[in-house]
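Chain residues, written in single-letter form:
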Amino acid sequence: MKVIDFTVRSNEQLNYQNNLIKVAPADNEALPDMFPGQFVQILVDNSPNIFLRRPISINFVDKEKNEMWLLIQQIGEGTRKICETQAGETMNIIFPLGNSFTIPQQNGKFLLVGGGVGTAPMLFLGKKLSEKGFSPDFLLGGRSERDILQQTDFEKYGTVYCTTEDGSFGEKGFVTHHSVLQNKKYDFIYTCGPKPMMVAVAKYAHENGIGCEVSLENLMACGFGACLCCIEKTTRGNLCSCTEGPVFNINELTWID
Ligand code: FES
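Remember, predicted model here, so these are calculated numbers, not experimental data.

*Asks:* Can you break down the pairing of strand E11 (residues 188-192) residue by residue, with the values?
*Replies:* A large share of E11 lies buried, amounting to five of its five residues. Taking every second residue as pointing to the same face, both faces of E11 are buried, with Phe188, Tyr190 and Cys192 on one and Ile189 and Thr191 on the other. Two strands pair when backbone bridges link them, and strand E7 (residues 110-115) and E11 are joined in this way by five bridges, in the parallel orientation. The residue of E11 that forms the bridge with Leu112 is Tyr190. When E11 meets strand E12 (residues 211-215), the two strands line up parallel, connected through five bridges. Looking at the pairing, Thr191 lines up with Val214 of E12.

So this is what it looks like as structure tokens:
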């Protein structure tokens, strides 16, 4: 874990509430190894009312450019301030934090399911799977077309399927209604997004005998196991999702009766 200043290389508003911010270490030090599912804690600068850093998933790491991508949803004053950061400005970041998704050793059919901004870690995971020679499928869900993010980036690493609740893009409905789940047989599913979506995906995986990992988006404050506000009940007891997670196998969770 490191605490360093990054320089913002670019800040692109992707839709009405999400920005893609690309950052690089301010002193050009090489980025350490990072893994899909891990997250960072960003200091909200020039905001005396905001004491806590904001936890953000690692969206992508471009080793060649020594660049980390952060997909940020503006859901409060802190994340709004972060999204106001301009290229060239400095961002203080603690990273990398948490555990990561399991990268399989053998090829198989892998489905990566993301809802809304929960698609963020799936791009980095898709890249890692693709580097191993695997070709994952992505299933992206949102309320409407404008909520489907980075589709062309996902298409570099596998086949992309989409659902929207209003039917404005892809198939209409929730991710668990998509026809690809009837038409293809998967060996493993990874998911991140709103809890009801992840629970539905976990139940689908369980009922169909498919292994599944979820990346929890529990409320976080400290990000390193001190405040206990991110506790998740598991088969191993109550665990901090910031240090023992955010990624859990569904067999460890108590979501499935
Ligand atoms: Fe403080 Fe997990 S966020 S213990």
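*Asks:* Give me the environment of Ser168: which residues, what numbers.
*Replies:* When you line up the elements, Ser168 lands in the loop between strand E9 (159-164) and strand E10 (171-172). Sequence separation of Ser168 and Glu145 is 23 residues, and the distance between their C-alpha atoms is 5.5 Å. Among residues more than four places away in sequence, those in contact with Ser168 are Ser144 and Glu145. In this structure the side chain of Ser168 is engaged in a polar contact, spanning 2.6 Å, whose partner is the side chain of Asp166.

*Asks:* Mind laying out the nonpolar core, listing which residues take part and the relevant values?
*Replies:* Ranked by internal contacts, the top residues of the largest apolar core, which has 26 residues, are Leu112, Met122 and Tyr190. If you list the elements that add at least two residues to this core, you get strand E5 (67-73), E7, helix H2 (120-131), strand E8 (137-142), E9 and E11. When residues in this core are grouped by element, the largest group, five residues, is from H2. Setting aside its immediate chain neighbours within four residues, Tyr190 contacts Phe101, Thr102, Pro104, Phe110, Leu111, Leu112, Val113, Met122, Leu125, Leu129 and Glu213. Counting 25 residues, the second largest nonpolar core, distinct from the first, contains Leu139, Val199, Ala202 and Cys212.

*Asks:* Let's hear about a negative patch on the surface: which residues, and what values?
*Replies:* Together, Asp5, Asp27, Asp45 and Glu89 give the surface a local cluster of negative charge. With respect to the helices and strands, Asp27 occurs in the loop between strand E2 (18-25) and strand E3 (39-42). Taking relative accessible area as the criterion, Asp27 reaches 53% and is therefore assigned exposed.

*Asks:* With reference to specific residues and values, describe the side chain of Asn59.
*Replies:* Residue position: Asn59 is located in strand E4 (residues 54-62). Asn59 gets classed as buried once you look at its relative accessible area, which sits at 0%. If near-sequence neighbours (up to four positions away) are discounted, Asn59 is found in contact with Leu20, Trp69, Leu70, Leu71, Ala120, Leu123, Phe124 and Gln150.

*Asks:* Describe the sheet that holds strand E1 (residues 2-13), naming the residues involved and giving the relevant values.
*Replies:* Reading around the circumference, E1-E2-E5-E4-E3-E6 is the order of the six strands in this closed barrel, with antiparallel pairing throughout. With strand direction ignored, the average angle separating the axes of adjacent strands in the sheet is 45°. Bridge analysis of E1 against E2 gives seven bridges, and the strand direction is antiparallel. Across the sheet, Ser10 pairs through a bridge with Lys22, a residue of E2. Across the face of the sheet, H2 comes into contact with E4 and E5 while running at roughly 30° to E4.

*Asks:* An account of the sheet that holds E7 is requested, with residue identities and associated values reported.
*Replies:* Strand order in the open sheet formed by seven strands is E10-E9-E8-E7-E11-E12-E15, with mixed pairing between adjacent strands. Both outer strands of the open sheet, E10 and strand E15 (247-249), are each paired with one neighbouring strand and no more. Contacting E7, E11 and E12, helix H5 (residues 195-207) crosses the sheet at an angle of about 170° to E11.

*Asks:* Residues and numbers for the pattern of salt bridges, please.
*Replies:* By the definition in use, this model includes nine salt bridges. One salt bridge in this structure joins Asp33 and Lys63, with 3.5 Å as the shortest N-O distance. One end of the pair, Asp33, is in the loop between E2 and E3; the other, Lys63, is in the loop between E4 and E5, with 30 residues separating them in the sequence. Taking the relative accessible area as the measure of exposure, Lys63 reaches 42% and is therefore partly exposed. The partner of Glu131 in a salt bridge is Lys127, with the nearest N and O atoms 3.3 Å apart. Of the two residues, Glu131 and Lys127 both sit in helix H2, four residues apart, roughly one turn of that helix. For Glu131, a relative accessible area of 52% puts it in the exposed group. Among the residues examined, Lys127 registers a relative accessible area of 16% and is labelled buried. By sharing partners, the salt bridges in this structure join Lys109, Asp137 and Lys184 into a single network.

What counts as what
Residues numbered from 1 in each chain as written. Predicted model: local features only at pLDDT ≥ 70, side-chain atom pairs only at ≥ 80, totals over all residues. Heavy atoms only, no water. Buried < 20%, exposed > 50% of the residue type's maximum accessible area, 1.4 Å probe, protein only. Helix = DSSP H or I, 4+ residues; strand = E, 2+ residues; numbered from the N terminus. Pairing = 2+ DSSP bridges. Contact = heavy atoms within 4.5 Å. Polar contact = N/O pair within 3.5 Å; in protein donor to acceptor, adjacent residues only side chain to side chain. Core = buried A, V, L, I, M, F, W, Y, C linked by side-chain atoms within 4.5 Å. Patch = residues over 30% accessible without salt bridge, like charges linked within 9 Å, V, L, I, M, F, W, Y side chains within 5 Å. Areas by Shrake-Rupley, 256 points an atom, 1.4 Å probe, with all protein chains shown as cover. Salt bridge = Lys/Arg side-chain N within 4 Å of Asp/Glu carboxyl O. Lys, Arg positive; Asp, Glu negative; His and termini not counted. Charge placed at Lys NZ, Arg CZ, Asp CG, Glu CD. Axes fitted to C-alpha atoms, helices over the stretch in contact; angles between N-to-C directions.

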